[in-house]
Amino acid sequence: MTEKLDTIIIGGGQAGLSLSYLLTQQGREHLVLEKAGRAGEAWRWRWDSFTFVTPNWAIRLPGGNYQGDNPDGYMPRDEIIGMFEAYVTRHGLPVRYGVAVKAVKRTETGYTVEADGTTWEAANVVVATGSFQKPKSPSFSANIAKDVLQIHSGEYRNPSALPPGAVLIIGSGQSGCQIAEELYQSGRKVFLSVGSAGRAPRRYRGKDVFWWLDKSGFFDRTLDKLPSPKARFAGNPQASGTRGGHPINLHQFARDGVTLLGRVQGADDHRIALAPNLKEALGKVDEFEVNLLKMIDGFIAKSGLDAPKEEAPQLRDGYETEVITELDLRAAGVSSIIWAMGYTFDFSLVQLPIFDDDGYPVQQRGVTDYPGLYFLGLHWLHTAKSTLLLGVGEDAAYVAEHIATRGQ
């Protein structure tokens, strides 16, 4: 069966829904194809205690800005899901669930979008599947003993869902740190392999740090401001929105009994090989916060704002940790490993030569060199906030206007 439409949006997450709202306002015929069976699916597989790390006031979807009575709070998982469900219903967005797109191909007049049993012909196709297609874990994970449970951070739900015993978490970005904190505060022994993600305070000089980053233009930085294109894939700074929002600090983790480890290099049965780079990694985490606060201080001084001066806590406990180069899982009582290394992207459904050496689509703010083919909701699509609820709507508006102009 073949259907013809003006525009097909692949992916019903925040990017695809934002664009759908704008096209609906234009009265433009379109359809959103979502492989999941319901709205907000990307948030349903977050752990039970998950909250946004960004404050509620930063929810700025087109036609869906936060209107609640707790703008400085951090929305919990179930409310996040409800927000997206309501967004689709309230605006009557044309989302078709349970459709897994297999291929996008170019034709003489536009594109075909192929799924099981149905093919769509469209003048415009917008790929809004995000950057999180495949959970990331190293190939040597297959060498770990079978009696050790291995899951990705996306599969973690709560401490009681894991078998009794200690837990090794590999990756110290936002997910890894929040899960580690929940586990050790529940009484579990936790080992945490430290990665490259930096640290940000929850509040600084009287404001949520996200407020400062927004006002200072930090999130408006474009790709050319990064040291290299690969830097766009760096993990988000350590922070948490749970319990009303609080800072995450690896030195505090060490003080509380978490065993910090260097980078995991390999595995053989119950033995995990570790790089002796723990203190170097901690230094980079600390340096990130120092530079971030210097930037905020500079913005405050330049803007002449009245904000009380503040000194960030100077914890050093992690540097006193013994550097371990091998962890015996059996001797340490580790029964579970959580891979919190993020995700890789996969855009292989688009069967056109439009990708760079990293497999990332070549585009300018979502517009490719193929007329009518767009991407939306990707890391640094245009700015640092392109994947955030704070900024995805701006990119969606740009793409919507481009589609409208092209159709004239």
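1. Observations regarding unusual backbone geometry
Move 1: At Arg205, a residue that is not glycine, the phi angle is positive and equals roughly 50°.
Move 2: In this structure, Arg205 sits in the loop between strand 13 (203-204) and strand 14 (207-208).

2. Some details on the sheet that holds strand 19 (residues 334-339)
Move 1: The strand order across the open sheet formed by 5 strands is 10-19-11-12-15, and the pairing between neighbours is parallel. Where the open sheet ends on each side, the last strands, each with one partner, are strand 10 (149-152) and strand 15 (259-261). Pairs of neighbouring strands in the sheet enclose a mean axial angle of 20°, with direction left out of account.
Move 2: Direction of pairing for strand 10 relative to strand 19: parallel, over a ladder of 4 bridges.

3. Things to note about the pairing of strand 17 (residues 271-274)
Move 1: On strand 17, burial follows the alternation: Ile272 and Leu274 on one face are buried, whereas Arg271 and Ala273 on the facing-out side are not.
Move 2: Pairing analysis gives 4 bridges linking strand 16 (residues 264-268) to strand 17, with the strands arranged antiparallel. The residue bridging Asp268 from the neighbouring strand is Arg271, located in strand 17.
Move 3: Hairpin connection of strand 16 to strand 17: 2 residues between the antiparallel strands, including Asp269 at a positive phi of 60°.

4. Here's the deal with the pattern of salt bridges
Move 1: Applying the stated criterion across every chain, the model contains 23 salt bridges.
Move 2: Where Arg199 meets Glu289, a salt bridge forms, and the shortest distance between an N and an O atom there is 2.8 Å. Of this pair, Arg199 sits in the loop between strand 12 (190-193) and strand 13 while Glu289 sits in helix 7 (residues 278-303), and the two are 90 residues apart along the sequence. Grouping residues by exposure puts Arg199 and Glu289 together as buried.
Move 3: Taking the shortest distance from any N to any O, the salt bridge between Arg271 and Glu326 comes out at 2.8 Å. In this pair, Arg271 is assigned in strand 17 and Glu326 in strand 18 (residues 326-328), connecting sequence segments 55 residues apart.

Cut-offs applied
- Residues numbered from 1 in each chain as written.
- Predicted model: local features only at pLDDT ≥ 70, side-chain atom pairs only at ≥ 80, totals over all residues.
- Heavy atoms only, no water.
- Helix = DSSP H or I, 4+ residues; strand = E, 2+ residues; numbered from the N terminus.
- Pairing = 2+ DSSP bridges.
- Axes fitted to C-alpha atoms, helices over the stretch in contact; angles between N-to-C directions.
- Buried < 20%, exposed > 50% of the residue type's maximum accessible area, 1.4 Å probe, protein only.
- Salt bridge = Lys/Arg side-chain N within 4 Å of Asp/Glu carboxyl O.

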